[in-house]
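One letter stands for each residue in the lines below.
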Amino acid sequence: MRTMSVNETNSVKPSSSSTDVAASSITESNFDDEARRTFESWFEKYKDMFQSDFSQFDGAWKFRLLLRELGKAEHGRFTNFVLPKLPRDLGFADTVKTPARIFGYLAFFGCVARQHPVVWIPVDKCSALVSVLSNAIESSDQRISLAAMESVGHIAASADGRKLLRTHLAPTGRLKLLLVKLGRFVQNSETFILLRSVDCVADFLTRPAVLFNTLEAEEQAQISLEWAALIGQPEDSNHAGIESRRSAKILLKRLITLATNPFPDMRLAALRTIRSMATQPWGVRLFLDQPGCMEYLLNRKTEVGLPEVSQLMQTKYDIVKNILTTMDFYKTCEVPEFHVHLRPEQLACLKLYIKEGVWGAQQAQATIAMQSG
């Protein structure tokens, strides 16, 4: 059976021996959910290779290489359950017979689409991947919906991916239910779904690592605010009639509640998402406006005695560091709602926190004293 073709007629073919060596170094992908061997973790090992060593080749060539490295069982499941009828056209939207078995594939395609979002989630034509994601999001099985959300979250890691997703995730887009449904999961769901949902929110709020100018930074901040508003939107409200910052504030309040609960894994997930929010200027403004938020973030004693204390303390430190970085990053921003103003004493307090380090001056002094003894 022929595996797949995506614009094959114009594909660039590899020719260099160095490329052959690099391609041959990719090991076979074998899926084992219990052992946490997923397509996502497998692809993570080789993403730099696809970005650098194979940068001269188009998406079709890269995708065929990925499929070639699927294990025998994985390739069989892929062709039988994902592409049994129209492999060359990615026509698997209507042919997935056992949805519970597509978790790994959704993550896999999310990673692939992150590299070439314009190929996989175009806004000017029908996309098979978007159709599959839409169907999965609408599923009554929360696990399937969440897997699709996480897949889209992978795509949201890049600035280009976010620009395309802005259309798909809009109230009139194919994936319009995603953020609202994700918000429902964050507000009320079983622990397993809640943990993953909170982590997923972070993917949609984090500022992309590469932004080329102030205008792009402002656009990305606006996109993340729109998404935060949809996630935080009250269940009984009409989004068109509720102001974005108000909805985003509801989301922040929920995250603070989770970040101060007694369960360390939930606490850590919430803090990681607050850390993502701290990369956005509107997020920093919400921190300053939310009573008790900054006091909690600057209080090192709140995590003492918890099993994950090191990770929790480091994450809170990262949040404060992100606040200062975001202030500096957007200091020339011309959008009024993205201006961050701190009183001199507030700024001094944040800088002192960073200067004293993760554990603070007293902890550092105690460590030195112990070492001296």
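Residues numbered from 1 in each chain as written. Predicted model: local features only at pLDDT ≥ 70, side-chain atom pairs only at ≥ 80, totals over all residues. Heavy atoms only, no water.

### Looking at the overall build of the protein chain
Within the protein chain one finds 19 helices and 0 strands. Out of the 373 residues in the protein chain, the part that is buried amounts to 49%. Counting contacts in the protein chain only where the partners sit at least 6 residues apart, residues at least 24 apart contribute 71% of the total. Surface summary for the protein chain: the accessible area is close to 18,200 Å², and the carbon and sulfur share equals 52%. (Helix = DSSP H or I, 4+ residues; strand = E, 2+ residues; numbered from the N terminus. Buried < 20%, exposed > 50% of the residue type's maximum accessible area, 1.4 Å probe, protein only. Contact = heavy atoms within 4.5 Å. Areas by Shrake-Rupley, 256 points an atom, 1.4 Å probe, with all protein chains shown as cover.)

### Quick look at helix 8 (residues 142–155)
Given a rise of 1.5 Å per residue, 14 residues ought to cover 20 Å, and the 20 Å separating the end C-alpha atoms of helix 8 matches this to within 8%. For helix 8, a buried count of 11 out of 14 residues is recorded, marking the element as mostly surrounded by other parts of the structure. The complete set of buried residues in helix 8 reads Ile144, Ser145, Leu146, Ala147, Ala148, Met149, Ser151, Val152, Gly153, His154 and Ile155. (Expected span 1.5 Å × (residues − 1).)

### Focus: the pattern of salt bridges
A complete count under the given rule lists 12 salt bridges for this structure. Here Glu356 ties to Arg300 by a salt bridge, and the two come within 3.5 Å at their closest N and O atoms. On the criterion of sequence distance, the pair formed by Glu356 in helix 18 (residues 344–356) and Arg300 in the loop between helix 16 (293–298) and helix 17 (309–329) is long-range, its members being 56 residues apart. Look at Glu356 and you get partly exposed, because its relative accessible area is 29%. The class of Arg300 is buried, set by a relative accessible area of 15%. Between Arg343 and Glu345 there is a salt bridge; the shortest N-O distance is 2.8 Å. Each of the salt bridges in this network shares a partner with another, and the network as a whole consists of Arg267, Glu303 and Lys316. (Salt bridge = Lys/Arg side-chain N within 4 Å of Asp/Glu carboxyl O.)

### Regarding the nonpolar core
Across soluble globular proteins, nonpolar side chains have a tendency to be buried as a group. In this structure, Leu165, Phe204, Leu251, Trp282, Phe287 and Ile323 are the most contacted members of the largest nonpolar core, which totals 90 residues. If one sorts the elements of this core by residue count, helix 17 sits on top with 9 residues. The residue makeup of this core includes at least three contributed by each of domain 1 (58–174) and domain 2 (203–235 + 243–372). When residues no more than four places from it in sequence are discounted, the contact partners of Leu165 are Ile121, Val152, Ile155, Ala156, Leu175 and Trp227. Membership of the second largest hydrophobic core comes to 5 residues, among which are Ile26, Tyr46, Met49 and Phe57. (Core = buried A, V, L, I, M, F, W, Y, C linked by side-chain atoms within 4.5 Å. Domains from an automatic or database assignment.)

### What to know about the packing of aromatic side chains
Tallied over the entire structure, the rule returns 4 aromatic pairs. Judged by centre distance (5.7 Å) and plane angle (50 degrees), the rings of Phe109 and Trp120 are tilted. Highlighted residues: Phe109 in helix 5 (residues 103–115) and Trp120 in helix 6 (residues 117–120), separated in sequence by 11 residues. The exposure class assigned to Phe109 is buried, which follows from its relative accessible area of 3%. The class of Trp120 is buried, set by a relative accessible area of 6%. Taking 5.7 Å as the distance between ring centres and 85 degrees as the angle between the ring planes, the aromatic pair formed by Phe204 and Trp227 counts as edge-to-face. Of this pair, Phe204 sits in helix 11 (residues 191–205) while Trp227 sits in helix 12 (residues 214–232), placing them 23 residues apart in sequence. For Phe204, a relative accessible area of 0% translates into the label buried. Classification of Trp227 by relative accessible area gives buried; the value is 2%. The side chain of Arg207 reaches across the aromatic face of Phe329, ending 4.5 Å from its centre. Over the ring of Tyr296 we find Lys316; its NZ or CZ atom is 4.1 Å from the centre of that ring. (Phe/Tyr/Trp six-rings, centres within 6.5 Å; stacked < 30°, edge-to-face > 60°. Lys NZ or Arg CZ within 6 Å of the ring centre and 35° of its normal.)

### Some details on the environment of Leu194
With respect to the secondary-structure elements, Leu194 resides in helix 11. Separated by 48 residues in sequence, Leu194 and Leu146 have C-alpha atoms that sit 9.9 Å apart.

### Quick word on the packing of helix 11 against helix 14 (residues 264–277)
In contact at an axis separation of 8 Å, helix 11 and helix 14 are set at 15 degrees when each is read in the N-to-C sense. Regarding the angle of helix 11 to helix 14, the classification is roughly parallel. The handedness of the crossing between helix 11 and helix 14 comes out as left-handed. Along the contact surface, helix 11 presents Thr191, Leu194, Leu195, Val198, Asp199, Val201, Ala202 and Leu205, while helix 14 presents Asp265, Met266, Ala269, Ala270, Arg272, Thr273, Ser276 and Met277. (Axes fitted to C-alpha atoms, helices over the stretch in contact; angles between N-to-C directions. Parallel < 35°, antiparallel > 145°, perpendicular 65-115°, else oblique. Left-handed = near helix turned anticlockwise from the far one by under 90°.)

### Side note on the confidence of the model for the protein chain
With 71% of its residues at a pLDDT of at least 70, the protein chain reaches an overall mean of 79. The low-confidence segment residues 1–15, where pLDDT is below 50, has 37 contacts with residues more than four positions distant or belonging to other chains. Contacts from residues 80–101, a stretch scored under 50 in pLDDT, to residues over four places away or in other chains number 37 contacts. (pLDDT = per-residue confidence, 0-100.)

### Section: helix 9 (residues 159–168)
Buried within helix 9 we find Ala159, Gly161, Arg162, Leu164, Leu165 and His168. Buried residues along helix 9 sit against helix 6, helix 7 (128–137), helix 8, helix 11 and helix 12.

### Concerning the environment of Leu298
Positionally, Leu298 belongs in helix 16. Leu298 sits 19 residues away from Tyr317 along the chain, and the two C-alpha atoms are 8.3 Å apart. Ignoring anything within four residues of it in the chain, the contact list for Leu298 reads Val320, Cys349, Leu350 and Tyr353.

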